[in-house]
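# Structural overview
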Amino acid sequence: MKIKPEKPPHGSVRVNLSGGVRLEIAGGGSLAHEAARVLARHLGIATGAQAPLIVLSHGAAQAPGDEAFAWDAADNVIRLAGAGQRGLMWGAFALLEACGFIFPAPGLVHTPASGDVSIPAHHEDAPALSGRSLIIGHAAFMLEAEAWIHFAAANRLNTIFFHTDEHGLGLGAIPGKIWQARKSRAMALARSYGMTLELGGHGLAALLPRSHFAEHPDWFRIKNGVRVADHNLNPLSQGALDELGRHARAWFAANPGFDVYHLWADDLPDGGWCEDAARQGYAPSDQMMLVTNALAKVLADVSPGARLSYLAYHDTEQAPLRVAPLSNVAITFAPRLRTYAEPINSAHPVNAPYAGLVAANAAHLGAEAARGALRVFEYYLDAILFKLMVPPLLSIMARDLAAYQAMGVHTVGALLTGAAPLRVPSINAFGFARLAWNPRASLAGIRADFARAAFPALKDGAMLFERLEAVLSPALDMAPEEVRLRHRRSLDEMLDDPPGDVGDPSNATPERAAELSALMADVVEQLTELRGTSGAMLDDMLPFALGWAALRRDWYGLEALRGQRGLSGAERASLAQGARDLSAAIEALPGQMERAGHAPVWGANAQALLFIFWELHLLKIERDALPEAERAAQREATREKAVATFARIAGLWDEIR
């Protein structure tokens, strides 16, 4: 790497990457040495005295502001300085980017095609968002955690949140067994990059064993006038809070070294809190904050300096009215009940409330909001929300992240979850990292860098991703009545009123379903055209998008038909057959995934997720369309299938430990 002394008019210097560099660290610190190793790994080390010199230094700044960096290049020397050690680390990766390196996905590095490149003679930068978090939220990604952490650091994400499910099935979070087996190496790697670490999930109820109900029923909530031990607890019971705190203390002690802990309530759309507390003026948000504060006191004793997260989610999106958070409580706002066809701060009737909700929670935090206590949990990489196919969202992410910055949000995280490891690099993961650093970055530039690095053989890759985003965006739109969740606890309740998620076809009115069926038919047509021009490099992506769109098209058609009055026998038979055909398509998914190279466990995981959210609905449509004499037998067959599916889920992760 040789720097020519002359400076072209545009303020850059020529750099020759054919040789190595000398490295000098002016000032110590483990991150400074790691930044030097990063540069050495990619640029190589030269020993000759004429080799260019990179001098690394950092100030003593602490967050906020420690991530800024700058460099000056001239006279065979690059002086790279960070405001703090993390700034130096991100400056090293930014310097590599300026030299032509791109890190588009875990395990992939695009190196400069030529040894002769130009870099800015002077460059300085700082992030728009202080916290930029990758949320690892599934077994598939915890198994690849080290590759994802390297990717996150290379793209200047500074936080890793391990979203765990230590007591449940782990369908949308890291199962406990896999977390315990792999946490040490993942944590050590993230710390080597100076990253903030977060841990937890919906683990609150597990800290109050249900076995206490017989002896202490007052610890548990009232539902329909009766004490029940199903969800959460009675937040007004000091005994319950004491017992909860005792188990939380043990959990904190067993999981040291994190900066933010998450102990959230049960994952329910509503109804998981206590009616008696509600009658006394404690809304769900206040009940959650009472519990969070009680546990925050314990955390302050066990781990001073760490924060405990309160989750503003579903029925706790509204800011608490009566209970103020303690100083070590952070509010994590999770806007899952939104549309991704429009940005979070748009006037769309679904998204319109969110700006006010975030502002109200920020106001409730008071001064702590400015000290990093306001966080957002986003779903840009959530293949469960989007039902296994995550659409490109660059333009929405850019507008969202600019809005969150303007709202004073400290950290925005993107949940990485689904049913299987990614077969195709995710433009959303790459784009989220770039845009969290700078929401005003060029989308065309991000697409071009990603396509060049991840799909080098693809012609017009940037245009393809832009077109794919435009094609799929209308399919993400939702009317307010489609933003609906349905959860049921017992198997019989699930059979008679299947679970439902945001944007599911079952949420649409018959009139809306007819519109959406036509829309999805157009999406299928456009995706088919794109597949014909995309080449083999995207052959894993577009067929899955096509299957996703075709299934929605046909299901919306069923919803439009079954909403009509006075169906004939032939129409009812057609409805039943259509539902059977779509169920068969879901059943075929594991085989398709195996043929694409996935291990059988991932196909089983994907099928289980679609069985819960989609196939149970389709089987119910079929049952309702059958002659009455046949319905009981079909229901029993569905019940047997559900039992077998849930049994398989329970042992799923034993297959890969």
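Coordinates for the structure precede this section.
Let me sum up the structure you'll find in this document. (Residues numbered from 1 in each chain as written. Predicted model: local features only at pLDDT ≥ 70, side-chain atom pairs only at ≥ 80, totals over all residues. Heavy atoms only, no water.)

## Re the environment of Pro325
Just so we agree on the cut-off: Counting from the N terminus, the helices are the DSSP runs of H or I reaching at least four residues and the strands are the DSSP runs of E reaching at least two. Whether two residues touch is decided by their heavy atoms; if any such pair falls within 4.5 Å, the residues are in contact.
Within the fold, Pro325 resides in the loop between strand 18 (307-312) and strand 19 (329-333). Non-local contacts of Pro325, meaning those with residues more than four positions away in its chain, are made with Met289, Asn293, His364 and Leu365.

## Things to note about the packing of helix 11 (residues 427-437) against helix 12 (residues 443-454)
A pair of packed helices can be characterised by two numbers: the angle between their axes and the separation between those axes. Convention followed: Between N-to-C directions, angles cover 0 to 180 degrees, with each direction set by a line fitted to C-alpha atoms, over the stretch in contact for helices. Our angle categories are set so that under 35 degrees counts as roughly parallel, over 145 as roughly antiparallel, 65 to 115 as roughly perpendicular, and the remainder as oblique. Each crossing gets its hand from how the near helix is turned against the far one by less than a right angle, where anticlockwise is left-handed and clockwise is right-handed. The nonpolar class holds Ala, Val, Leu, Ile, Met, Phe, Trp, Tyr, Cys and Pro. Asp, Glu, Lys and Arg form the charged class, and all remaining residues, Gly among them, are polar.
In the contact formed by helix 11 and helix 12, the axes pass within 10 Å of each other and the chain directions differ by 135°. By the criterion of interaxial angle, the relationship of helix 11 to helix 12 is oblique. The way helix 11 lies across helix 12 gives a crossing that is right-handed. Counting all contacts with helix 11, which are made through Ile427, Phe430, Gly431, Arg434 and Leu435, the residues of helix 12 involved are Leu443, Ile446, Arg447, Asp449 and Phe450. A per-class count over the contact of helix 11 with helix 12 returns six nonpolar, one polar and three charged.

## Some remarks on empty space enclosed by the protein
The gaps of empty space that remain are located by a probe, the size of a water molecule, rolled over the atoms. Cut-off, in case you're wondering: Throughout, the protein atoms alone are placed on a 1 Å grid, and a set of points is a cavity if a 1.4 Å probe fits but cannot get out or a pocket if it is open with protein on both sides within 12 Å along at least five of seven lines; lining residues have an atom within 4 Å of a point. Grid points are joined across faces, edges and corners, and a volume is the space filled by probe spheres set on the points.
Tallying each qualifying case throughout the model produces four cavities of 30 Å³ or more. Of the volumes computed, that of the largest cavity is approximately 170 Å³. As for the largest cavity, its lining consists of 15 residues, of which Leu476, Met478, Val502, Gly503 and Arg552 are closest to the centre. A breakdown of the residues in the lining of the largest cavity according to their chemical character gives nine nonpolar, two polar and four charged. What the second largest cavity holds in volume is close to 120 Å³. Lining the second largest cavity are 14 residues, with Ala265, Asp266, Trp273, Tyr313 and Asp315 positioned closest to its centre. Classifying every residue of the lining of the second largest cavity gives seven nonpolar, four polar and three charged.

## Concerning the nonpolar core
Operational definition: Nonpolar cores are built from buried Ala, Val, Leu, Ile, Met, Phe, Trp, Tyr and Cys residues. Side-chain atoms within 4.5 Å join them into one set. Between buried and exposed lies partly exposed: a residue is buried under 20% and exposed over 50% of the maximum accessible area for its type, with that area taken using a 1.4 Å probe on protein chains only.
In this structure, Phe93, Ile136, Ile160, Phe162 and Leu527 are the most contacted members of the largest nonpolar core, which totals 221 residues. No other element matches helix 19 (residues 600-625), which puts 16 residues into this core. Ile160 has contacts with Leu134, Ile136, Ile149, Ala152, Ala190, Met195, Thr196, Leu197 and Glu198, leaving out every residue within four places of it along the chain.

## With respect to helix 17 (residues 569-587)
In an α-helix there are 3.6 residues to a turn, and that puts residues three or four apart on one side. Heads up, the condition is: Take the number of residues in a helix, subtract one, and multiply by 1.5 Å to get its expected span. Picture the helix axis, draw a direction to every C-beta atom, and the arc is the one those directions span.
For helix 17, with 19 residues, the first-to-last C-alpha span of 27 Å sits near the 27 Å given by 1.5 Å per residue. Residues of helix 17 that are buried include every one of Leu575, Ala576, Gly578, Ala579, Leu582, Ser583 and Ile586, and no others. In a view along the axis of helix 17, the buried residues occupy a sector of 160°, so they form one face of it. Among the exposed residues of helix 17, those pointing more than 90 degrees away from its buried face are Gly569 and Ala570.

## With respect to the environment of His348
With respect to the element layout, His348 can be found in the loop between strand 19 and helix 9 (354-365). Put simply, His348 and Arg338 are ten residues apart on the chain and 9.6 Å apart in space, counted from C-alpha to C-alpha. In contact with His348, other than residues within four places in its own chain, are Thr339, Glu342, Asp477 and Met478.

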